[in-house]
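Below, each chain spelled out in residue letters.
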Amino acid sequence: MFSYRPALCAAVALAAAACTPSLNWREVRLAPTTAVALLPCKPDRAERSVPLGGEPTTLAVSGCEAGGATFALMAAKVPAGRAPDELLAGWQQATLANMRVSGTPARQPFHPPKGLPLAHAQRVVAQGQQADGRSVTAQAVWTARTAGDGGTELVHAVMYAERPQPAVADAFFEGIKWP
């Protein structure tokens, strides 16, 4: 007879790891997109113009620190005619270059509900360096969705920590949703 006890214990352990007292999860709207996400702390917010795909693009950033990690959510909306997969590929490349990645990052598809099944809509785990030279692990996702006006909504979430925290990263990334 099959026992559900090991699977149940594993699920409870995973949930407990993501629900530590230092992580106070809250929903955050990712304007200018329609996406929402979860952050484990009260975010600081900023907007800046970045050259996404070679064109100036307004990027909304929400981020905070909790539980020994830095969490950041970034969102942008681009007009029709811009290739979303190419934009995600360039965004990944810039993020990984900025943290001076060592070795080959681990990659897997990341397609939340209503997200586009693009080749570069991925979850990535990479080892690199912070600006001060200290070692850091990045667990990150990139995704996109077609906007109602024919443009594209782009979302990037990243968690930086001294070492991987898969259960916390799972909770963070599973919180990204489009209504």
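So, about the environment of K42. With respect to the helices and strands, the residue K42 is situated in the loop between strand 2 (36-39) and strand 3 (44-52). Taking the relative accessible area as the measure of exposure, K42 reaches 68% and is therefore exposed. The spatial distance from the C-alpha of K42 to the C-alpha of R26 is 7.7 Å, given a sequence separation of 16 residues. When neighbours within four sequence positions are excluded, K42 is seen to be in contact with R26, G63 and C64.

Within the structure shown, the criterion is met by four aromatic pairs. An angle of 70° between the planes, with centres 6.4 Å apart, marks the rings of F110 and F173 as edge-to-face. Of this pair, F110 sits in the loop between strand 6 (102-109) and strand 7 (122-129) while F173 is found in helix 3 (residues 166-174), placing the two residues 63 residues apart along the sequence. What makes F110 buried here is its relative accessible area of 12%. Assessed through its relative accessible area of 2%, F173 is described here as buried. Three or more aromatic residues link up through ring pairs in this structure, and these residues are W25, F71, F110, F172 and F173.

A word on the environment of A37. Along the chain, the position of A37 falls in strand 2. Each C-alpha atom of the pair A37 and E174 lies 8.3 Å from the other, and the pair is 137 residues apart in sequence. Dropping the residues within four chain positions of it, A37 is found in contact with R26, E27, V28, L30, L73, G175 and I176.

On to the layout of surface pockets, then. Of the pockets and cavities examined, the largest pocket occupies roughly 450 Å³. Taken together, 18 residues line the largest pocket, and the ones lying closest to its centre are R48, L59, M74, W91 and T95. For the lining of the largest pocket, the secondary-structure elements that each account for two or more residues are strand 3, strand 4 (55-66), strand 5 (69-78), helix 2 (84-98) and strand 9 (152-161). Counting residues per element, the lining of the largest pocket draws most heavily on helix 2, which supplies five residues. Its residues assigned to classes, the lining of the largest pocket shows 11 nonpolar, six polar and one charged.

What follows is about the side chain of R123. By the secondary structure assignment, R123 is in strand 7. Look at R123 and you get buried, because its relative accessible area is 14%. Here the side chain of R123 touches D170 through a polar contact of 2.8 Å, side chain to side chain.

What counts as what
- Here the residue numbering is sequential within each chain, running from 1 through the sequence in written order.
- Two thresholds apply to this predicted model, a pLDDT of at least 70 for residue-level local features and 80 or more for giving and counting side-chain atom pairs, whereas whole-chain, interface and lining totals are computed over all residues.
- Side-chain calculation: all heavy atoms of the structure are included, whereas hydrogens and water are not.
- For the purposes of this entry, the term helix denotes a DSSP run of H or I that reaches at least four residues, the term strand denotes a run of E that reaches at least two, and both are numbered from the N terminus.
- Only protein chains enter the accessibility calculation, which uses a 1.4 Å probe; a residue whose area is less than 20% of its type maximum is buried, one above 50% is exposed, and one in between is partly exposed.
- Should any heavy atoms of two residues lie within 4.5 Å, those residues are considered in contact.
- Here a Phe, Tyr or Trp ring, Trp counted by its six-membered ring, pairs with any other such ring whose centre lies within 6.5 Å, and the pair is stacked when the planes are under 30 degrees apart, edge-to-face when over 60, and tilted otherwise.
- Residues are called lining when one of their atoms sits within 4 Å of a cavity or pocket point, these points coming from a 1 Å grid over the protein atoms alone, where a cavity is a set in which a 1.4 Å probe fits but cannot get out and a pocket is an open set with protein on both sides within 12 Å along at least five of seven lines.
- Grid points are joined across faces, edges and corners, and a volume is the space filled by probe spheres set on the points.
- The residue classification treats Ala, Val, Leu, Ile, Met, Phe, Trp, Tyr, Cys and Pro as nonpolar and Asp, Glu, Lys and Arg as charged. All others, Gly included, are polar.
- Here a polar contact means two N or O atoms within 3.5 Å. Within protein one must be a hydrogen donor candidate and the other an acceptor candidate, and residues neighboring in sequence count only if both atoms are side-chain atoms.

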